[in-house]
Amino acid sequence: MSRTQPSAPRSAPRRALATVSVGVLVALLANAWAPAGGAAAAVPTGGAVATAPVPSPTATLLTSLPSTPSTGAPSPAGPGPSAAPPTPEPPPVDPLAGLGKKERAAFRRCLSVAVGPGSGGPCAALLQKKLKQVHLHPWAVTGRMTVAGVNAVLNYQRSRGLKPTGVATRATWLALAARAPARPVELPRKCLTKGIVICVDQGHRRLFWMRDGKVVRTVKVRLGGYNSHPKTGTWRVFPTANGTWRVYDKQVDPKSENYGSGAMPYSVMFYPDMYVHYSPGFHSVGYAGSSHGCVNVGSLSDAIWIFRHTPIGTRVHIFTPRA
């Protein structure tokens, strides 16, 4: 009779281990499908198995990825809001559109032509004609640019806020074609202060004698322009300088090395070589000529009045309107 030693029972522990392993596996699987960031509920396996919250694999994967800055592009999951179509730019305005066919053709030929001292031909005639229409060229249309014609161009450019060169180029042609109006009279703040101020507007060729910001007297004046040097005879534009100065002297008949005695009666001196004074030449030929930079007064009575009422130290402000 064989004697066998009974073996130790193993099925119970194995069942217990299997029960625990299955419970843990079920719990992990349940957590794998749980919402990201949420805690998995304990799954009963026939025994009480305590399970700690396990992070979702999806949440773990998302938090492990490097973050990228937002670019505002639509998400791959959807097209996102549709952008508004760009607004088309309006077509450029033709500055010659308001002209007749013949006149438009004439302007197109002259847009690239510079008309200045001594110029002649159809473009010079067109320039004189257009300046005549705005009352700046009261002389005959000859098709040849004389001293008077060049000064008319200067006066037009100043009145429209253009660079005063005395030569008609594209900007001047376009202003004439569009019938650009003269700039409005707008006195700058430097003219509207307390006390006496002589305010000279080159665009409108006017001198405003002011007291405490109010105009007391308005006088027509002539400014620097196309003229010849008194000693060398060289022709060029002699501009009147814009800026603010003070009257430093007054003389009834100042001596001048360039122009001699009696050329600048009743001079109110505000700049080394620029004065407000009576001009016999302005009185006789008007705007056909110009000064060499001084502020010419064509009325003797106005020149005497300014001379007598303007004390030393008076502020003088000269400006040109800008487009």
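Here, the structure is the one placed above.
Here we summarise the structure given alongside this text. The shown structure was predicted, so the numbers you read here are calculated from the model rather than taken from an experiment. (Residues numbered from 1 in each chain as written. Predicted model: local features only at pLDDT ≥ 70, side-chain atom pairs only at ≥ 80, totals over all residues. Heavy atoms only, no water.)

Details of the packing of aromatic side chains
The geometry of two aromatic rings is summed up by the distance between their centres and the angle between their planes. Let me state the cut-off plainly: Stacked, tilted and edge-to-face are the three classes applied to pairs of Phe, Tyr and Trp rings, where Trp contributes its six-membered ring and a pair requires centres within 6.5 Å; stacked means planes under 30 degrees apart, edge-to-face means over 60, and tilted covers the rest. Helix numbering and strand numbering both begin at the N terminus, where a helix is a DSSP run of H or I of at least 4 residues and a strand a DSSP run of E of at least 2. Exposure is judged per residue with a 1.4 Å probe applied to protein chains only, and the accessible area is read against the type maximum: over 50% gives exposed, under 20% gives buried, and values in between give partly exposed. Note on criteria: charge over ring means Lys NZ or Arg CZ within 6 Å of the ring centre, with the direction from the centre no more than 35 degrees off the ring normal.
Counting across every chain of the model gives seven aromatic pairs. With a centroid separation of 6.1 Å and an interplanar angle of 85°, the aromatic rings of F107 and W173 are classed as edge-to-face. In this pair, F107 is assigned in helix α3 (residues 101-110) and W173 in helix α6 (residues 170-177), connecting sequence segments 66 residues apart. The same class applies to F107 as to W173, namely buried. Ring geometry for W245 versus F270: centroids 5.9 Å apart, planes at 50°, classification tilted. One end of the pair, W245, is in strand β6 (residues 243-246); the other, F270, is in strand β8 (residues 267-271), with 25 residues separating them in the sequence. You can call F270 buried: its relative accessible area is 3%. An aromatic cluster of at least three residues, connected via ring pairs, comprises W245, F270 and Y271. The ring of Y287 carries the charged tip of R205 above its face, separated from the ring centre by 4.1 Å. When the ring centre of F307 is taken as reference, the NZ or CZ atom of K250 above it lies at 5.0 Å.

Description of α3
Counted only if it meets this: The arc in question is traced by the directions running from the helix axis to the C-beta atoms. Two residues form a contact once any of their heavy atoms are found within 4.5 Å.
When we look at burial in α3, the residues that qualify are E103, A106, F107 and C110. Projected down its long axis, α3 shows its buried positions confined to an angular sector of 95°, all on one face. Facing away from the buried side of α3 by over 90 degrees, the exposed positions are K101 and R109. Looking at the buried side of α3, the elements it contacts are α4 (122-133) and α6.

Here's the deal with the pattern of salt bridges
Under the convention used in this document: For this analysis, a salt bridge means a side-chain nitrogen from Lys or Arg found within 4 Å of a carboxyl oxygen belonging to Asp or Glu.
Applying the stated criterion across every chain, the model contains two salt bridges. The shortest N-O distance in the salt bridge between K130 and E103 comes to 2.2 Å. Of this pair, K130 sits in helix α4 while E103 is found in helix α3, placing the two residues 27 residues apart along the sequence. Residues K130 and E103 agree in their burial class; the two are buried. In this structure, D302 and R217 form a salt bridge, with 3.0 Å as the shortest nitrogen-oxygen distance.

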